[in-house]
Amino acid sequence: MNRTTRDRDEEGRARNARPRDGLGRPLPHGAEGVARQPEGVVRTPDETVREAQRLLDAGMPFHAHEVFEDAWKSGPETERDLWQGLAQLAVGLTHAARGNREGGARLLRRGADRLTSAQEGPGQEGPVHEGPGHESAYGIDVGGLVAWARELADRTEAIGAEVDAVAEAPRLRRTGA
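Parameters and conventions
Along each chain, residues carry numbers from 1 onward, in the same order as the chain's sequence is written. Local features in a predicted model are, by the rule used here, given only for residues with pLDDT of at least 70; side-chain atom pairs are given and counted only at 80 or more, and totals for whole chains, interfaces and linings are based on all residues. Based on all heavy atoms of the structure, the side-chain values leave hydrogens and waters out of the count. For every residue, the predictor states its confidence as a pLDDT score lying anywhere from 0 to 100. By definition, residues are in contact when any of their heavy atoms lie within 4.5 Å. In what follows, salt bridge is the name for a side-chain nitrogen of Lys or Arg lying within 4 Å of a carboxyl oxygen of Asp or Glu. Helix and strand labels come from DSSP, where a helix needs a run of H or I of at least four residues and a strand needs a run of E of at least two; each type is numbered from the N terminus. The buried label applies to any residue whose accessible area, calculated with a 1.4 Å probe on protein chains only, is under 20% of its type's maximum; exposed applies above 50%, and partly exposed to all values in between. Multiplying 1.5 Å by the helix residue count minus one yields the expected span of that helix. Only the stretch in contact is used when fitting a helix axis, every axis being a line fitted to C-alpha atoms; angles between N-to-C directions are given from 0 to 180 degrees. Geometric relationships in this document are graded by angle, where less than 35 degrees denotes roughly parallel, more than 145 denotes roughly antiparallel, 65 to 115 denotes roughly perpendicular, and other angles denote oblique. Working rule for handedness: look at the near helix, and if it is turned counterclockwise from the far one by less than a right angle, call the crossing left-handed; if clockwise, right-handed.

K.L.:
Can you tell me about the confidence of the model for the protein, naming the residues and giving the values?
P.N.:
Overall, the predicted model of the protein reaches an average pLDDT of 83, with 79% of residues at or above 70. Segment residues 122-133 is flagged for pLDDT under 50; beyond a separation of four residues in sequence, or across chains, it makes 26 contacts in the model.

Put into structure tokens, the structure is as follows:
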């Protein structure tokens, strides 16, 4: 496809206008897809966590990743590892649900490592701190998510099949948080 016929957004960036399914896979033109997450939305941390959890619970981890991506791009530098780690977990779940077990496991582990780095960051000036359940200042259960990601990565490699994105959706906050 040449440059003049590619789908482009208002700024001229290449954008695929094909509809997508809940896991972000392109569908044929004319098919009914899942509404895309708008890009560049600035949300509060609480809004980010609530929207991402809604999408994860709906089996749409690809879309949850886009919410986390907005948070890392619009938030303070001290929160970058937290939001990037959460985005990597969502993309890892996306790949595992698509049947890409190696890529899914690799991204789940990378996200777990990034969350661990956020927890152990220099000077502890970021939003993640040691506390009951190792949650962040936003109630995110970092310790639980790290354990979930590593366990799912191991299991994904062992089973060699797609995982159910709804059944495997993590809880971002501890119950009651």
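Having seen the model, we can carry on.
K.L.:
Explain the pattern of salt bridges to me, and be specific about the residues and the numbers.
P.N.:
In total, this model carries 13 salt bridges according to the counting rule given. The salt bridge involving Arg-50 is made with Asp-46; its shortest N-O contact spans 3.0 Å. With Arg-50 and Asp-46 both in helix α1 (residues 45-57) and four residues apart, the pair spans about one turn of that helix. We classify Asp-46 as partly exposed; its relative accessible area is 34%. Two residues, Glu-77 and Arg-80, come together in a salt bridge whose shortest N-O distance is 3.3 Å. Look at Arg-80 and you get partly exposed, because its relative accessible area is 30%. Residues participating in the shared-partner salt-bridge network are Asp-46, Arg-50 and Arg-173.

K.L.:
Residues and numbers for helix α4 (residues 101-119), please.
P.N.:
Turn by turn, an α-helix covers 3.6 residues, leaving residues three or four places apart pointing in a common direction. Counted at 1.5 Å a residue, the expected span for α4 with its 19 residues is 27 Å, and the 27 Å between its end C-alpha atoms agrees. Residues of α4 that are buried: Gly-103, Gly-104, Ala-105, Leu-107, Leu-108, Gly-111, Ala-112, Leu-115, Thr-116, Ala-118 and Gln-119. Those residues of α4 that are buried lie in contact with α3 (80-97) and α5 (142-159).

K.L.:
Now, about the packing of α3 against α5: what can you tell me, with residues and values included?
P.N.:
Helices that pack against each other are described as a pair by the angle of their axes relative to one another and the distance between those axes. Running from N to C, α3 and α5 cross one another at 30 degrees; their axes reach a closest spacing of 11 Å. Here α5 runs roughly parallel to α3, going by the angle between their axes. Relative to α5, α3 is oriented so that their crossing is left-handed. Counting all contacts with α3, which are made through Leu-82, Leu-86, Leu-89, Leu-93 and Ala-96, the residues of α5 involved are Val-142, Leu-145, Trp-148, Ala-149, Leu-152 and Thr-156.

K.L.:
Give me the environment of Ala-161: which residues, what numbers.
P.N.:
Here Ala-161 shows up in the segment after α5. Relative accessible area serves as the criterion here: at 37%, Ala-161 is assigned to the partly exposed category. Placed 60 residues apart in sequence, Ala-161 and Arg-101 show a C-alpha to C-alpha distance of 7.0 Å.

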